[in-house]
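A closer look at the structure
Letter by letter, the chains look like this.
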Amino acid sequence: MAELKKELPFLTRYMALIFTLIGADWLLFTIGVNYNMWSDPFDLFKFIIKIITILALYFTGIKFFSWLYSASPQKIEK
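Residues numbered from 1 in each chain as written. Predicted model: local features only at pLDDT ≥ 70, side-chain atom pairs only at ≥ 80, totals over all residues. Heavy atoms only, no water.

Attention shifts here to the pattern of salt bridges. Summed over the entire model, instances satisfying the criterion amount to one salt bridge. Between Asp-25 and Lys-50 there is a salt bridge, and its shortest N-O distance comes to 2.7 Å. One end of the pair, Asp-25, is in helix α1 (residues 10-31); the other, Lys-50, is in helix α2 (residues 44-70), with 25 residues separating them in the sequence. Here Asp-25 falls in the partly exposed class, since its relative accessible area comes to 42%. (Salt bridge = Lys/Arg side-chain N within 4 Å of Asp/Glu carboxyl O. Helix = DSSP H or I, 4+ residues; strand = E, 2+ residues; numbered from the N terminus. Buried < 20%, exposed > 50% of the residue type's maximum accessible area, 1.4 Å probe, protein only.)

As structure tokens, this is what we get:
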């Protein structure tokens, strides 16, 4: 019997990505960090804050949506 790969479902990854893209801009706007990548003086500090925020929200979204998927009654284990 072949082992099942422990990959996240297709929907889980993309729901986390949508959550991240919308949530990162909203979160940075609410705390007052307005980052414009194309501004004349490139601000490395704000760029790093944005990347860290995106990564944190993406991994949080992965954990949340995989938990949500595992708790759903439609999931059938074989």
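The rest of the description comes next.
It is worth spelling out α2 at this point. Here α2 spans 39 Å end to end across 27 residues, near enough to the 39 Å set by a 1.5 Å rise per residue. Looking at α2, one finds that the buried residues are Lys-50, Thr-53, Leu-57, Gly-61, Ile-62 and Phe-65. Looking at the buried residues of α2, the elements they touch are α1. (Expected span 1.5 Å × (residues − 1). Contact = heavy atoms within 4.5 Å.)

Bringing the packing of α1 against α2 into the picture now. Contact geometry of α1 with α2 gives a least axis separation of 8 Å together with a crossing angle of 140°. The orientation of α1 with respect to α2, classified from their angle, is oblique. For α1 against α2, the interelement crossing comes out right-handed. Packed against α1, whose contacting residues are Thr-12, Arg-13, Met-15, Ala-16, Leu-17, Phe-19, Thr-20, Gly-23, Ala-24, Asp-25, Leu-27 and Leu-28, the element α2 presents Ile-49, Lys-50, Thr-53, Ile-54, Leu-57, Tyr-58, Gly-61, Ile-62, Phe-65, Ser-66 and Tyr-69 at the interface. Partitioning the contact of α1 with α2 into residue classes produces 14 nonpolar, six polar and three charged. (Axes fitted to C-alpha atoms, helices over the stretch in contact; angles between N-to-C directions. Parallel < 35°, antiparallel > 145°, perpendicular 65-115°, else oblique. Left-handed = near helix turned anticlockwise from the far one by under 90°. Nonpolar A, V, L, I, M, F, W, Y, C, P; charged D, E, K, R; others polar.)

Tracing the backbone shows Thr-53 in helix α2. Thr-53 sits in the buried class, given a relative accessible area of 13%. In this structure the side chain of Thr-53 is engaged in a polar contact, spanning 2.7 Å, whose partner is the backbone oxygen of Ile-49. If we skip the residues at most four places from it in the chain, Thr-53 touches Ala-24, Leu-27 and Leu-28. (Polar contact = N/O pair within 3.5 Å; in protein donor to acceptor, adjacent residues only side chain to side chain.)

Positionally, Phe-47 belongs in helix α2. Along the chain, Phe-47 and Tyr-35 lie 12 residues apart, while their C-alpha atoms are 7.2 Å from each other.

So, on to α1. With 22 residues, α1 extends 32 Å from end C-alpha to end C-alpha; this agrees with the ideal 32 Å at 1.5 Å per step. Three or more residues of α1 are buried, namely Thr-12, Ala-16, Thr-20, Gly-23, Ala-24 and Leu-28. Summarising the contacts, the buried residues of α1 are in contact with α2.

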